[in-house]
Amino acid sequence: MSTQNILSTLFPALADIPEPYRPGEPIEQREYLVEGTLRTWNGPLAAVRSPVYLDVDGVDEQVILGSTPLLDAETALTALDAAVRAYDRGQGSWPTMRVAERIQHVEAFLGRMREQRTAVVKLLMWEIGKNLKDSEKEFDRTCDYIVDTINALKELDRRSSRFELEQDTLGQIRRVPLGVALCMGPYNYPLNETFTTLIPALIMGNTVVFKPAKLGVLLIRPLLEAFRDSFPAGVINVIYGSGRETVSALMASGKIDIFAFIGTNKAASDLKKLHPKPHRLRAALGLDAKNPGIVLPEVDLDNAVNEAVTGSLSFNGQRCTALKILFVHEEVVDRFIEKFNHKLATLKPGMPWENGVALTPLPESGKVDYLHGLMDDAVRKGAKVINTHGGQARGSFFYPAVLYPVTTDMRVYQEEQFGPVVPIVPYRDLDTVIDYVLESDFGQQLSLFGTNAAEVGRLVDTFANQVGRININAQCQRGPDTFPFNGRKNSAEGTLSVHDALRTFSIRTLVATKFQESNKTLISDIIRGRESSFLTTDYIF
Ligand code: G3H
């Protein structure tokens, strides 16, 4: 079927949607979670629009999924106060609880969360247009992340349960919480990326204010009762509304101790600046990226193409780790483009729930116009859209556009498109590519495609001090979640992985004493009499 035909039949009539995936009645959400209670917001609401349109008698109508509370600053601050009270200057029941007990709370939450898989997956499809397979993967990967986090904490705690003797000093070192965490995730992974900060923050004994992403908001609703019932009051608070109104007030209060944010570096910097005591704020940030894919002249072209297509276009290019610019050596560029376009033509456009669908509507309003702007700019400056139907659009759907040859003066050479536009830059001299990476404002990851050991080895060394991960003959990606995920320059602050996140959301405290009889007796008595949660040799199995 030609793309033209695909676009003309893209949006379904309601009756064409299989029953389990049909949208229900719009959800008017007024609840938000503060201090263990689902409170009702009687103020203004924000409409939740789906990227999916329905064909209603030949007219495309955007589906309204419901609405969410637009809390004001004063209400957001009540959530912060609840978190501050639950932390109680480190004396609250949660930050002082034994690790094994905190783990039980998180396990209880995980059990309740699993019950909501169908509801959350459906909302992932309808709210952000993620296809069924990837929506299910996002949910399952998040559950796995929680399990892995629990296991990593058990391991950490086991190691902390022993005493160390150094230079006649006896010590026990444990990781303890930092205070109140503000956790905010991105719209492209509204569940997974948010939970990769939220869960470590909670399990380490911090209390949390969680504000869902700008899109993918309703999908948190099925989890509110699970949060409420699984944790002591005030430990987890969930707020909604505009970041400018709510989050600015939270940061300006000076009561946030950890700022976990996935979004743009500009927003992160603006928010950090509002904190009156910046030295007391720890930040865990996942920010912008413009990861290049570099195709060398000696290369397994089929593999490079396969990886470049998924790397640049899975979830329509809306991944922070997506390949956002491809540098292809001029000796292979023609063959690369031919194969790339061939592969791209096999990607099926459609609705998220349809079998095998790879290209779906985009959730951000104004995104299609923005991508057309990037495309027009490149074309004005000498590039061509070199794939059939590239850039054709209908409503919120944008068919991927491959732009070639892209040059330094085009916007798409620098701007993070975060969407289905694939810029290809031909090069002869590798120094052009090296300079791009060295000069870039971003430094998350890159991909090297090549088979010449000397060349690949040299480039690994050249780029090792530039980015957080170099992928050889593979697309960029975050996983496996046990590997460090970070970035340099404007791309991140701190490192996340199952292991690192536990450390990011905690600090080591050491209890030390001179190794002499009276102290040995005292410490033994404390342990035997179970007088302390910190000083204990309890071992979690
Ligand atoms: O959007 C950024 C995500 O962390 C990317 O994760 O590489 O697993 O898609 P992913």
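Conventions and cut-offs
- Residues numbered from 1 in each chain as written.
- Predicted model: local features only at pLDDT ≥ 70, side-chain atom pairs only at ≥ 80, totals over all residues.
- Heavy atoms only, no water.
- Helix = DSSP H or I, 4+ residues; strand = E, 2+ residues; numbered from the N terminus.
- Rg over C-alpha atoms; globule rule 2.2 N^0.38 Å.
- Buried < 20%, exposed > 50% of the residue type's maximum accessible area, 1.4 Å probe, protein only.
- Contact = heavy atoms within 4.5 Å.
- Areas by Shrake-Rupley, 256 points an atom, 1.4 Å probe, with all protein chains shown as cover.
- Lys, Arg positive; Asp, Glu negative; His and termini not counted.
- Charge placed at Lys NZ, Arg CZ, Asp CG, Glu CD.
- Pairing = 2+ DSSP bridges.
- Axes fitted to C-alpha atoms, helices over the stretch in contact; angles between N-to-C directions.
- Right-handed = clockwise from strand over helix to strand, strands pointing away.
- Polar contact = N/O pair within 3.5 Å; in protein donor to acceptor, adjacent residues only side chain to side chain.
- Near = heavy atom within 4 Å.
- 1 Å grid on protein atoms, 1.4 Å probe; cavity = no way out; pocket = protein on both sides within 12 Å on 5 of 7 lines; lining within 4 Å.
- Sits in = over half its atoms within 2 Å of the grid points.
- Nonpolar A, V, L, I, M, F, W, Y, C, P; charged D, E, K, R; others polar.
- Domains from an automatic or database assignment.

A. Spatial organisation of the overall build of the protein. Helix and strand counts for the protein come out as 18 helices and 27 strands. Taken over the C-alpha trace, the protein has a radius of gyration of 25 Å; the compact-globule value for 541 residues is 24 Å, and the two agree within 12%. Overall size of the protein, expressed as C-alpha extent along the three principal axes, is 80 × 60 × 40 Å. Here the protein holds 541 residues, and the buried ones make up 55% of them. Long-range pairs, those at least 24 residues apart, make up 73% of the contacts in the protein between residues at least 6 apart in sequence. Accessible surface for the protein amounts to roughly 22,400 Å². Of this, 49% is attributable to carbon and sulfur atoms. Counting 59 positive and 66 negative side-chain charges, the protein places the averaged centre of each group 4 Å from the other.

B. Representation of the sheet that holds strand 4 (residues 45-56) in the model. Strands sit in the order 1-5-4 across an open sheet of three strands; the sheet is mixed. Each edge of the open sheet is held by one strand with a lone partner, namely strand 1 (27-28) and strand 4. Two strands pair when backbone bridges link them, and strand 4 and strand 5 (residues 59-69) are joined in this way by nine bridges, in the antiparallel orientation. Across the sheet, Asp 55 pairs through a bridge with Asp 60, a residue of strand 5. Seen against the sheet, helix 5 (residues 117-128) touches strand 1, strand 4 and strand 5 and runs at an angle of roughly 80 degrees to strand 4.

C. Expanded view of the pairing of strand 13 (residues 291-295). Most of strand 13 is tucked away, with five of its five residues classed as buried. Alternating residues of strand 13 divide into Asn 291, Gly 293 and Val 295 and Pro 292 and Ile 294, and every residue in both groups is buried. Relative to strand 14 (residues 323-329), strand 13 runs parallel, the two sharing five bridges. The partner of Asn 291 across the bridge, within strand 14, is Leu 323. You can see the chain leave strand 13, run along helix 11 (residues 301-313) and come back into strand 14, and the turn it takes is right-handed. Of the pairings in the sheet, the one linking strand 13 to strand 23 (residues 445-449) comprises three bridges and is parallel in character. By the bridge assignment, Val 295 is partnered in strand 23 with Phe 449.

D. Quick peek at the sheet that holds strand 21 (residues 421-427). Judged by pairing direction, the sheet is mixed, and its seven strands sit side by side in the order 17-20-21-14-13-23-24 without closing on themselves. Of all the strands in the sheet, just strand 17 (384-385) and strand 24 (469-472) have a single pairing partner and so form its edges. Contacting strand 13, strand 14, strand 21 and strand 23, helix 15 (residues 430-439) runs over the sheet at an angle of about 165 degrees to strand 13.

E. Inspection of the environment of Lys 255 at higher detail. By secondary structure assignment, the location of Lys 255 is in the loop between helix 9 (243-252) and strand 11 (258-262). Under the relative-accessibility criterion, Lys 255 is labelled partly exposed at 38%. Between the C-alpha atom of Lys 255 and that of Leu 182, which follows or precedes it by 73 residues, the distance is 9.9 Å. Within the structure, Lys 255 has its side chain in polar contact with the side chain of Asp 81 (distance 3.3 Å).

F. Quick look at the site of the ligand. Lining the immediate environment of the ligand, one finds Arg 141, Asn 188, Tyr 189, Glu 193, Arg 319, Cys 320, Thr 321, Gln 477, Arg 478 and Phe 485. Between the ligand and Arg 319 there is a distance of 2.8 Å, counted from an oxygen atom to a side-chain nitrogen or oxygen. At 2.7 Å, a backbone N or O of Cys 320 approaches an oxygen atom of the ligand. With the chains in place, 95% of the 310 Å² that the ligand exposes on its own is no longer accessible. A molecule is said to occupy a pocket when more than half its atoms come within 2 Å of that pocket's grid points, and by this definition the ligand occupies the second largest pocket. In terms of residue class, the shell around the ligand is made up of three nonpolar, three polar and four charged. Viewed by domain, the shell around the ligand spans two of them, domain 1 (3-286) and domain 2 (291-488), each represented by three or more residues.

Fair warning: the whole summary comes from geometry, so function is off the table for now.
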